[in-house]
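Coordinate inspection notes
These are the residues of each chain, in order.
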Number of protein chains: 4
Amino acid sequence: MKILLTGFEPFGESLFNPSQLLVNAYSPPALAEITISKQILPVDHDQAPKVLMTALQDHQPDAVLSFGLALGRAKISLEKVAINFKDYRIPDNTGITLQDQPIVVDGPAAYFSTLPIRDFLTKLNEADIPAEISLTAGSYLCNQVFYSMMHHIAIKDLPMRAGFVHLPALPKQAAQSAKPVPSMSLEQDLQGLQIMIDALMEPAIGQNLPAYP
Amino acid sequence: MKILLTGFEPFGESLFNPSQLLVNAYSPPALAEITISKQILPVDHDQAPKVLMTALQDHQPDAVLSFGLALGRAKISLEKVAINFKDYRIPDNTGITLQDQPIVVDGPAAYFSTLPIRDFLTKLNEADIPAEISLTAGSYLCNQVFYSMMHHIAIKDLPMRAGFVHLPALPKQAAQSAKPVPSMSLEQDLQGLQIMIDALMEPAIGQNLPAYP
Amino acid sequence: MKILLTGFEPFGESLFNPSQLLVNAYSPPALAEITISKQILPVDHDQAPKVLMTALQDHQPDAVLSFGLALGRAKISLEKVAINFKDYRIPDNTGITLQDQPIVVDGPAAYFSTLPIRDFLTKLNEADIPAEISLTAGSYLCNQVFYSMMHHIAIKDLPMRAGFVHLPALPKQAAQSAKPVPSMSLEQDLQGLQIMIDALMEPAIGQNLPAYP
Amino acid sequence: MKILLTGFEPFGESLFNPSQLLVNAYSPPALAEITISKQILPVDHDQAPKVLMTALQDHQPDAVLSFGLALGRAKISLEKVAINFKDYRIPDNTGITLQDQPIVVDGPAAYFSTLPIRDFLTKLNEADIPAEISLTAGSYLCNQVFYSMMHHIAIKDLPMRAGFVHLPALPKQAAQSAKPVPSMSLEQDLQGLQIMIDALMEPAIGQNLPAYP
């Protein structure tokens, strides 16, 4: 099984992005029948989706796990839905702010994750990794990349599962903030990622794309 | 202009529902060229959408403003999107709990509100009524009614604008809770509703259904 | 009965201070056997306590109700305790920031409010005014004024009850913020103040200073 | 240097108490010139202070680090102040609920921690362990034990530093909750404890009891 992992560069006031550190740090267990490819995305409204599309074409993965930071969330957020809406509260790293715009003109309003997020949720929480299903990935670049990816897979009818996962801040980000920011360690992120990958590799799940997760 | 207002009966631990009280209390200013119809919906997964569809047929409104309670929110939440997903954390008033189900099998993943919510947001905040655009209406009956309504309007190609608005708890609900629940008074809700209705009646907005809000 | 009401000028990013507006707007019901005096305090670490002490001397009140803003709180916060600690996160209006300092060198660690806050709590919530007993008035100027006042009353052995009450943001403050700031209307603040004054005037409460509330 | 560590048994809906697990799991580095004693306290309004007093007498520590759980907090909370107030929202493990009572009749309103909490804060955050100074330890058994301990030390004039530290929920507690509960791993708690102990052993701090934090 080929799995593509993506993360983002730091943005806004954050000097780190746990999604970047997680993707860079992950290596699969020895002997696992799995090929991992990785892509770090720029926080650039124009380039981020393009870099991801190129990675999809280059690696032809069976599944894509896209990660981003959601500062303020306390648990690993398994995103349910990507919406066709760009509305940035803070500028991206190129300085651009967008309001009330579609990501794809005339595209559908939304796509659901095709990852087995309920299964992920159960397995993560059983392993003491706090997780939750989230009903909004926001309207910033994370949602934009998520929607762009799902739209690309849909219109090309690609045989791959894909979805987006938001990570809490890292402890060092919380430690540098005067606010009561919740955090999760990179070790927990790595355990969580392994659990999600293991779930994807289970035969019953890995070989079929369910009509509805 | 014909406007249909809907609210919900109380549910869960709440003895009141601000959406019901708001809809019941509202009366348009004298001389306004407007016809208001009202429908209170039962908190019943099966009946709520049906009662709403019947009201749409009976009243043939130009616009529908659907209201519900979002205990814990601090501002009037102008909902951006309804998703094709039922996942109840608490039972409805018939005792039913649903998990991971589509509202309409093979329906699209989501519909956007066709109300001018950005215009509502600006006008509400200018009038000192705290408001926000919300990216999730949850996965309970509020979202279900919102999605069902938008789907019905879409497949019947009805010439009506529609959307959903979540209200904060009432002060008496906050006063009865030991938790720090934010609240908004019924007077503020009523002012907010009048502002939204006035915005709908502006010629530039009222006469055209924009392709994208 | 003579009651002194105090509020604060605006500070930080806020253009308004509900405590100032409340105190300025309040007038007692006709025929009430009550004398109200008012004092607005500057947000100045040095002047605020001095202005309050002068007001205590000038007006010789039976009770002092001091009000301040606690942006982010959802309910009227009846403060239990003032602590001998100054630790400002934001500068006062003179630009001063203080860290880890006592308010009164060798003063006791804390004073409790001598207002009947449990009685206030019950009566406010019964009247649908959301209220709570708070265990911290912070370490900014509100706590400093509260502590300074209680210390002054204690060392002078003055026959007066006194305490501090934090108010939520006003709706217009919440409407101007992009964050989900809870709010309470000035009308609710005024109703709440009248309830507290009525409670103070009840014979059983007004004539005795209980050893412990 | 002799250090006493205390933690609490589980209470309320929690099956675990990170303070118990932390105290039980800690062992000092080899060669450290330190004697660690440990005491787990029952969640019993009557017994908890007595068990702690006995431990103080038995072990005669130079410093006491008391730990408890604060479910909902995101960071290690270095408590500034213990107040003479018992007001339980939930019953203790003997089923008792108390309201509006002093811990020590005619005791002072509060005691400040005599631990170097500002120094702890700086060192914890520098080590990427999220920490904060907290201005309220609540009005439940944690505050009661904290106040009882400080009062005992004060009236006996014991030469020991003491204070209370609240810990966030453990990841497994957050994983078992449907709510967005922040958490911190036991590994982080252990690192944090070692940092606090190291700070206590620094000559400049360890040998003198400062008049003020």
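Notes on the structure follow. Sequence order as written defines residue numbering, which begins from 1 separately in each chain. Chain A is the first chain written and ligand 1 is the first ligand written, with later ones labelled in order. Under the rules for a predicted model, residues below a pLDDT of 70 receive no local features and side-chain atom pairs below 80 are neither given nor counted, while totals for whole chains, interfaces and linings still include all residues. Only heavy atoms go into the side-chain values, all of them from the structure, while hydrogens and water stay out.

1. Remarks on the packing of aromatic side chains
Here a pair means two rings of Phe, Tyr or Trp (six-membered ring of Trp) with centres within 6.5 Å. Their orientation is stacked below 30 degrees between planes, edge-to-face above 60, and tilted elsewhere. This model, assessed by the stated rule, comprises 20 aromatic pairs over all chains. Geometrically, the ring pair formed by Tyr 88 of chain D and Tyr 140 of chain D is edge-to-face, given 4.9 Å between the ring centres and 70° between the ring planes. With Tyr 88 of chain D in the loop between strand S5 (81–83) and strand S6 (110–112) and Tyr 140 of chain D in the loop between strand S7 (131–134) and helix H4 (141–156), this residue pair connects regions lying 52 residues apart in the sequence. Here Tyr 88 of chain D and Tyr 140 of chain D have matching classes, each one buried. The structure contains a cluster of three or more aromatic residues connected by ring pairs, namely Phe 11, Tyr 88 and Tyr 140 of chain A. Geometrically, a charge over a ring is one whose NZ (Lys) or CZ (Arg) sits within 6 Å of the ring centre while staying within 35 degrees of the ring normal. Here Lys 172 of chain C stacks its cationic end above the ring of Phe 16 of chain C, 3.8 Å away from the centre of that ring. In this description a helix means any DSSP run of H or I spanning at least four residues, a strand means any run of E spanning at least two, and both kinds are numbered starting from the N terminus. When a residue's accessible area, from a 1.4 Å probe over protein chains only, is under 20% of the maximum for its type it is buried; when over 50% it is exposed; and in between it is partly exposed.

2. Describing unusual backbone geometry
Backbone geometry at Asp 128 of chain A places phi at a positive 65°, although glycine is not the residue there. Within the fold, Asp 128 of chain A resides in the loop between helix H3 (117–126) and strand S7 (131–134).

3. Side note on the relation of the copies chain C and chain B
For the pair chain C and chain B, the best superposition has an RMSD of 0.0 Å and corresponds to a rotation of 180° with a translation of 0.0 Å parallel to the axis. Given the turn and translation reported, the copies of this chain are related as if by a two-fold rotation axis. Using C-alpha coordinates, one finds that chain C approaches the rotation axis most closely at Pro 182 of chain C, a distance of 2.6 Å. Only heavy atoms matter for contacts: two residues are in contact if any of them lie within 4.5 Å across the pair. Here 100% of the contact residues of chain C are again contact residues in chain B; the copies associate through an equivalent surface. Alignment of copies: least-squares fit on C-alpha atoms of residues with pLDDT of at least 70 in both copies.

4. Notes on the relation of the copies chain B and chain A
For the pair chain B and chain A, the superposition axis carries a translation of 0.0 Å, the fit reaches an RMSD of 0.0 Å, and the rotation angle comes to 180°. By residue overlap, the copies meet face to face through one surface: 100% of the interface positions of chain B are interface positions in chain A.

5. Points about the interface of chain C and chain B
At the interface, 19 residues of chain C touch 19 residues of chain B. Summed over both partners, buried area is the accessible surface (1.4 Å probe) that two parts give up on being assembled. Across the chain C/chain B interface, buried area totals approximately 1400 Å², and carbon plus sulfur atoms make up 54% of it. Broken down residue by residue, the surface that chain C buries against chain B is led by Lys 75, Asp 128 and Ala 175 of chain C, which jointly contribute 32%. Any pair of N or O atoms that falls within 3.5 Å is considered a polar contact. Within protein, one atom must be able to donate a hydrogen and the other to accept it, and sequence-neighbouring residues count only if both atoms are side-chain atoms. Linking chain C with chain B are six residue pairs in polar contact (both at pLDDT 80 or more). When residues in the side of chain C that touches chain B are grouped by element, the largest group, four residues, is from helix H5 (residues 171–175) of chain C. Amino acids are sorted into nonpolar (Ala, Val, Leu, Ile, Met, Phe, Trp, Tyr, Cys and Pro), charged (Asp, Glu, Lys and Arg) and polar (every other residue, Gly among them). Its residues assigned to classes, the side of chain C that touches chain B comprises 10 nonpolar, four polar and five charged.

6. Focus on the environment of Leu 65 of chain D
All names here are of chain D. Following the sequence through the fold, Leu 65 ends up in strand S3 (residues 63–69). What makes Leu 65 buried here is its relative accessible area of 0%. In sequence terms Leu 65 and Leu 141 are 76 residues apart; their C-alpha atoms lie 16 Å from each other. Beyond its immediate stretch of four places on either side in the chain, Leu 65 contacts Ile 3, Leu 4, Leu 5, Thr 6, Leu 115, Phe 120, Gly 163, Leu 193, Ile 197 and Leu 200.

7. Some details on the sheet that holds S7 of chain D
Residue and element names in this part refer to chain D. DSSP bridges decide pairing: two strands pair if at least two such bridges lie between them. The six strands are arranged S2-S1-S3-S8-S4-S7 in an open sheet whose pairing can be described as mixed. Each edge of the open sheet is held by one strand with a lone partner, namely strand S2 (35–41) and S7. Averaged over neighbouring strand pairs, the angle between their axes works out to 25° when direction is ignored. Helix-sheet contacts for helix H1 (residues 18–25) involve strand S1 (2–8), S2, S3 and strand S8 (161–167), and the interaxial angle to S1 is about 145°. Fitted lines through C-alpha atoms give the axes, limited to the stretch in contact for helices. The angle between two N-to-C directions lies from 0 to 180 degrees. Strand contacts of helix H6 (residues 186–201): S1, S2, S3, strand S4 (76–79) and S8, with the helix running at about 160° to S3, the strand carrying the most contacts.

8. Topic: the sheet that holds strand S4 (residues 76–79) of chain C
All names here are of chain C. Judged by pairing direction, the sheet is mixed, and its six strands sit side by side in the order S2-S1-S3-S8-S4-S7 without closing on themselves. For this open sheet the edge positions go to strand S2 (35–41) and strand S7 (131–134), each flanked by a neighbour on one side alone. Averaged over all pairs of adjacent strands, the angle between strand axes in this sheet comes to 25°, irrespective of strand direction. In terms of strand pairing, strand S1 (residues 2–8) meets S2 through seven bridges, oriented parallel. Opposite Lys 2, over in S2, you have Thr 35 as the bridge partner. Lying on the sheet, helix H1 (residues 18–25) is in contact with S1, S2, strand S3 (63–69) and strand S8 (161–167); it crosses S1 at an angle near 145°. Contacts from helix H3 (residues 117–126) reach S3, S4 and S7 within the one sheet, and its direction differs from that of S7 by about 160°.

9. Brief notes about H4 of chain D
Multiplying one less than the number of residues by 1.5 Å gives the expected span of a helix. Between its first and last C-alpha, H4 of chain D extends 22 Å over 16 residues, near the 22 Å set by a 1.5 Å rise per residue. Trailing H4 of chain D by a residue or two, Asp 157 of chain D shows a phi angle of about 55°, which is positive.

10. A look at the packing of helix H3 (residues 117–126) of chain D against H6 of chain D
Residues and elements named next belong to chain D. Put simply, H3 and H6 touch, their axes get as near as 10 Å, and they point 135° apart. Accordingly, the angle class assigned to the pair H3 and H6 is oblique. Between H3 and H6 lies a crossing of right-handed hand. On H6, the residues that touch Asp 119, Phe 120, Lys 123 and Leu 124 of H3 are Gly 192, Ile 195, Met 196, Ala 199 and Leu 200. Under this scheme an angle from 65 to 115 degrees is roughly perpendicular, one under 35 degrees roughly parallel, and one over 145 degrees roughly antiparallel; angles in between are oblique. Whether a crossing is left-handed or right-handed is set by the direction in which the near helix is turned from the far one by less than a right angle, anticlockwise for left-handed and clockwise for right-handed.

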